Amino acid sequence: MFDNKFLSAIITSAGSGRRMNSNINKPFLEIEGKKIIERTLDTIVGIEEFDEIILVIRLEDEDIIKDILKNYDRKIKYVYGSDTREKSTFEGLKALNKKTQLVLTHDGVRPFASRELFYKTLDELREYKAVVSATKTKDTVKIVDENMLVDFTPHRDFVYNIQTPQAFDKNILFSMYKKYVASEFMITDDSQLFEFFNRQEAVKVVEGEYSNIKITTNEDILFADAYIETQNRGQR
């Protein structure tokens, strides 16, 4: 429970390893001897406020997930995802407990999000209905047109790279997802739904972590290995 409200977590892990030219689904690739999804789950199962944890997976990964979940004392439910991350999240939303009032969403391939970041995101739910973690861009960003010609340069102080975890009022998010799947809109994160369907509700941004990368390419694996090695050295 969080502020006496039933809190659920949805972890999406239905992606593939195509961009890595791998036959192994990204969440099951290993970093320093441990699968990515295990590193993600290790953090989430340690957060007692979650009343329910739902993992969204590919049907063909069911056997490996069953083996992984045997290692956790907490009950973790899994459901099958869809062809996009957003539609997979909707499958997770449809599987939520009827008592769910608040929901946190997280990418299964972001294994380095800290407990502190989860709590920082959840804390803002006391005032807002939608909260996202994000890091300020380190680069100058250019907006280009369809011909790859520069249109304009947004002020860097107001440009953030969006991450997960993200947290929401469950009923609001679910109602917007129902509209989304029946629409022709395309989104790349859950909070973007508010830009299409609920402009009246503010989306709060909390400072994320540069180490909270989404592992999608082979270069990300190299970073992850180096990050874990640095963490291990610091604990010796």
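Residues numbered from 1 in each chain as written. Predicted model: local features only at pLDDT ≥ 70, side-chain atom pairs only at ≥ 80, totals over all residues. Heavy atoms only, no water.

**Remarks on the packing of helix H3 (residues 85-94) against helix H5 (residues 170-181)**
The contact between H3 and H5 brings their axes to 10 Å, and the two run at 135°. Here H5 runs oblique to H3, going by the angle between their axes. At the point where H3 passes H5, the crossing takes the left-handed sense. For the pair H3 and H5, contact is made by Glu-86, Thr-89, Phe-90, Leu-93 and Lys-94 and by Leu-173, Phe-174, Tyr-177, Lys-178, Tyr-180 and Val-181, respectively. Its residues assigned to classes, the contact of H3 with H5 shows 7 nonpolar, 1 polar and 3 charged. (Axes fitted to C-alpha atoms, helices over the stretch in contact; angles between N-to-C directions. Helix = DSSP H or I, 4+ residues; strand = E, 2+ residues; numbered from the N terminus. Parallel < 35°, antiparallel > 145°, perpendicular 65-115°, else oblique. Left-handed = near helix turned anticlockwise from the far one by under 90°. Contact = heavy atoms within 4.5 Å. Nonpolar A, V, L, I, M, F, W, Y, C, P; charged D, E, K, R; others polar.)

**Brief notes about the pairing of strand E5 (residues 77-80)**
By the bridge criterion, 4 bridges tie strand E4 (residues 52-57) to E5 in an arrangement that is parallel. Note that in E5 the partner of Ile-54 across the bridge is Lys-77. Tracing the backbone out of E4, into helix H2 (residues 62-69) and back to the parallel element E5 gives a crossover that is right-handed. (Pairing = 2+ DSSP bridges. Right-handed = clockwise from strand over helix to strand, strands pointing away.)

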